Amino acid sequence: GMDLYGFAGLGRAVRLNEDECDWGALDTSAEMMQAISSPDFAARVLDARRGASAPSPAMLARSMSGTPKLGGANARGSREHRDLTLTASVGERDTFDVKMSDLRPRELRDPVRESVLHIEDKLKRRKPGESLDVAYEKLLAAPTVDLAALRALAWSGIPFKHRAVVWKLLLGYVPASAARRNDALARKRRDYQLAVEQHFGTSQVFNVAVDSGGNPTSGSFSASSNTPARVQDVRTSATSRAGRSEYEESMYRQIAVDIPRTCPGQSLFHVSHVQAALERVLYVWAMRHPASGYVQGMNDLVTPFFFVFYSEQASEAHAGEQVLAWCDVESLSSQALADAEADAYWCLTALLDSIHDYYIFAQPGIQKRVLYMTELVGRVDPPLRAHLDAHGVDFIQFAFRWMNCLLMRELPFVLIVRVWDTYLCEPDGFGNFHVFVCAALLCYFSHELRHMEFQELVLFLQNLPTQGWTQRELDMILSQAFMWRSLFDSSLHLQRFAAKVG
């Protein structure tokens, strides 16, 4: 069926399938009217009212006049005007009226709140009234997890207690089949252990559990009690540094310089044992990917994984955002620390594989997406684009970091974790969809930016005032990004532009 895109109140993005949409649940309030303000909705109405083949979404998206114009929606209340008429136009001549009664075959059961919750139930693929936890538990308990349903459920955010396992599944780190999952996890953790031994030496970093044949036991390795109390002790260890080439030593020094600067506002990443783990993960990744090696910014990208997987290993009483304030890791066993480290390594690898052209010579992936963002902002907010151009502010001056660090330095850490929930549900979340999120973030401050001069612009864009942001502001950004992606992904002009810069 055709997809319908729009907003569903409270700034939350929705994607409803035509066959599942309960038109009787739609409310005619200002917020709910936006749920049907899209070219795809116009196509749906054309098809229903005229019995003709609906124009393709690509055809509609190519014309700015293809977006339906909703008459009187913002001025009328939801309960008093049940015969509200929408004036929808597709193209310049094809204009028609549609009564809400045609789209609402039965009475609304309650005001806006119930309507919004009903649509969210549809979005999250759960039965009305079913708790989110129950919906996740049903999906995750299946012999083979339905990844499509899991993405639909997780797009709007993942409950804390399920986040770790959902991330592993969506990144492909563990298989959807429950029967194969434990063996695959054990094998991956063992592979990481062997890589660490190769580059750091067993005695300096890990105690390895072995079987009677001298082989490491399945998935079992733990941080050694002899692990140095300070990261610099590991760095100066003769055992760990023996035999490194000049290139390897240079790479190691760069990682060592960046680690103390990682997430300066979060205590967790300034614990010596955590910093040592960050060092191992980044160095092993760099040695296994010589085409790019370590690039500044990767140290930021690994931190959400450490947070999520440390939280998974922590007791329920010490989980959640409290983990970020830890000043030590004594609450976790050595085995739990080691497992979280291995999981973080493999998930970082999956993430970086999806944006590998960000980190090769000249970083063409970043250059391409900054250009794409520039063109996109010119389409959705021409006055802002013109203002930045007039004051000599090039997008690369601020958006390079937005792409390179995936907004890790622009948004509060806990909101970054929430953003990644959505990215993992998108086909190219960390690449293509991220561009739309960056554009939505920039345009969110359009009014302020258009009243600034060059120096103010540069300082503002390098230090966005987002520290006080909550889920509400983030949902607005993600909703806007989703709408633009839905419209402009089928825009012929932007498709040609993307092909040209690619």
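See the structure printed just above.
No experiment lies behind these values; they were computed from the predicted model shown.

S.K.: Hey, could you go over the overall build of the chain for me, with residue numbers and the actual values?
M.R.: Helix and strand content of the chain: 26 helices and six strands. For the chain, with 502 residues in total, the buried portion stands at 54%. Of the contacts made within the chain by residues no fewer than 6 positions apart, 69% connect residues no fewer than 24 positions apart. Taken as a whole, the chain presents about 21,800 Å² of accessible surface, with 50% of it coming from carbon and sulfur.

S.K.: Give me the packing of aromatic side chains: which residues, what numbers.
M.R.: Aromatic ring pairs: the centre-centre distance and the angle between the two ring planes describe each pair. Counted under the stated rule, the structure contains 25 aromatic pairs. Ring plane angle 70° and centroid distance 6.2 Å describe the contact between Trp 155 and Phe 433, whose orientation is recorded as edge-to-face. Of this pair, Trp 155 sits in the loop between α7 (147-154) and α8 (160-170) while Phe 433 sits in helix α22 (residues 429-444), and the two are 278 residues apart along the sequence. Residue classification places Trp 155 among the buried positions, given a relative accessible area of 9%. Accessibility expressed as a relative area gives 1% for Phe 433, which makes it buried. Just above the ring of Tyr 252 sits the side chain of Arg 244; from NZ or CZ to the centre is 3.9 Å.

S.K.: Could you give an account of unusual backbone geometry, naming the residues involved and the relevant values?
M.R.: The general pattern is negative phi for most residues beyond glycine and trans for most peptide bonds. With a phi angle near 45°, Cys 263 is a residue other than glycine that sits in the positive phi range. Here Cys 263 shows up in the loop between α13 (246-258) and α14 (272-288). Positive phi, close to 65°, is recorded for Leu 407, a residue that is not glycine. Checked against the element boundaries, Leu 407 lands in the loop between α20 (396-404) and α21 (413-423).

S.K.: An account of the pattern of salt bridges is needed here, citing residue identities and associated values.
M.R.: Counted under the stated rule, the structure contains 15 salt bridges. For Arg 485, the salt bridge goes to Glu 426, with nearest N and O atoms at 2.4 Å. With Arg 485 in helix α25 (residues 471-488) and Glu 426 in the loop between α21 and α22, this residue pair connects regions lying 59 residues apart in the sequence. Glu 426 matches Arg 485 in its accessibility class, with the two residues each being buried. By sharing partners, the salt bridges in this structure join Lys 168, Arg 189, Glu 312, Asp 339 and Asp 343 into a single network.

S.K.: Describe the nonpolar core, and please don't skip the residues or the numbers.
M.R.: By size, the foremost hydrophobic cluster in this structure holds 128 residues, and its most contacted members are Phe 269, Phe 305, Tyr 310, Met 373, Trp 420 and Leu 442. In this structure, Tyr 310 is in contact with Leu 268, Val 274, Ala 277, Val 323, Trp 326, Leu 332, Leu 337 and Ala 340, ignoring residues within four places of it in sequence.

S.K.: I'd like to hear about α25, residue by residue, with values.
M.R.: Taking 1.5 Å per residue, 18 residues should reach 26 Å; α25 reaches 25 Å between its end C-alpha atoms and fits that length. Burial runs high along α25: 13 of the 18 residues are buried.

S.K.: Can you lay out the packing of helix α18 (residues 364-380) against α20 for me, pointing to particular residues and giving the numbers?
M.R.: Between α18 and α20, the least distance of the axes is 9 Å, while the angle of their chain directions is 120°. Here α20 runs oblique to α18, going by the angle between their axes. Pair α18 / α20 crosses with right-handed handedness. Counting all contacts with α18, which are made through Ile 366, Gln 367, Arg 369, Val 370 and Met 373, the residues of α20 involved are Ile 396, Phe 398, Ala 399, Phe 400, Trp 402, Met 403 and Asn 404. Of the residues belonging to the contact of α18 with α20, the class tally is nine nonpolar, two polar and one charged.

S.K.: Lay out the environment of Ala 390 in plain terms, naming residues and giving numbers.
M.R.: Relative to the helices and strands, Ala 390 is located in helix α19 (residues 382-390). As a C-alpha pair, Ala 390 and Glu 453 span 63 residues in sequence and 9.8 Å in three-dimensional space.

S.K.: Report on α8, specifying residues and quantitative values.
M.R.: Where burial is concerned, most of α8 is hidden: eight out of the 11 residues are buried. When α8 is considered as a whole, its buried residues turn out to be His 162, Arg 163, Ala 164, Val 166, Trp 167, Lys 168, Leu 169 and Leu 170. Two residues or fewer after α8 comes Gly 172, characterised by a positive phi angle close to 80°.

S.K.: Give me the side chain of Asp 300: which residues, what numbers.
M.R.: Along the chain, Asp 300 turns up in helix α15 (residues 298-301). Ignoring anything within four residues of it in the chain, the contact list for Asp 300 reads Thr 262, Cys 263, Cys 405, Met 408 and Arg 409.

Scoring rules and cut-offs
Residues numbered from 1 in each chain as written. Predicted model: local features only at pLDDT ≥ 70, side-chain atom pairs only at ≥ 80, totals over all residues. Heavy atoms only, no water. Helix = DSSP H or I, 4+ residues; strand = E, 2+ residues; numbered from the N terminus. Buried < 20%, exposed > 50% of the residue type's maximum accessible area, 1.4 Å probe, protein only. Contact = heavy atoms within 4.5 Å. Areas by Shrake-Rupley, 256 points an atom, 1.4 Å probe, with all protein chains shown as cover. Phe/Tyr/Trp six-rings, centres within 6.5 Å; stacked < 30°, edge-to-face > 60°. Lys NZ or Arg CZ within 6 Å of the ring centre and 35° of its normal. Salt bridge = Lys/Arg side-chain N within 4 Å of Asp/Glu carboxyl O. Core = buried A, V, L, I, M, F, W, Y, C linked by side-chain atoms within 4.5 Å. Expected span 1.5 Å × (residues − 1). Axes fitted to C-alpha atoms, helices over the stretch in contact; angles between N-to-C directions. Parallel < 35°, antiparallel > 145°, perpendicular 65-115°, else oblique. Left-handed = near helix turned anticlockwise from the far one by under 90°. Nonpolar A, V, L, I, M, F, W, Y, C, P; charged D, E, K, R; others polar.

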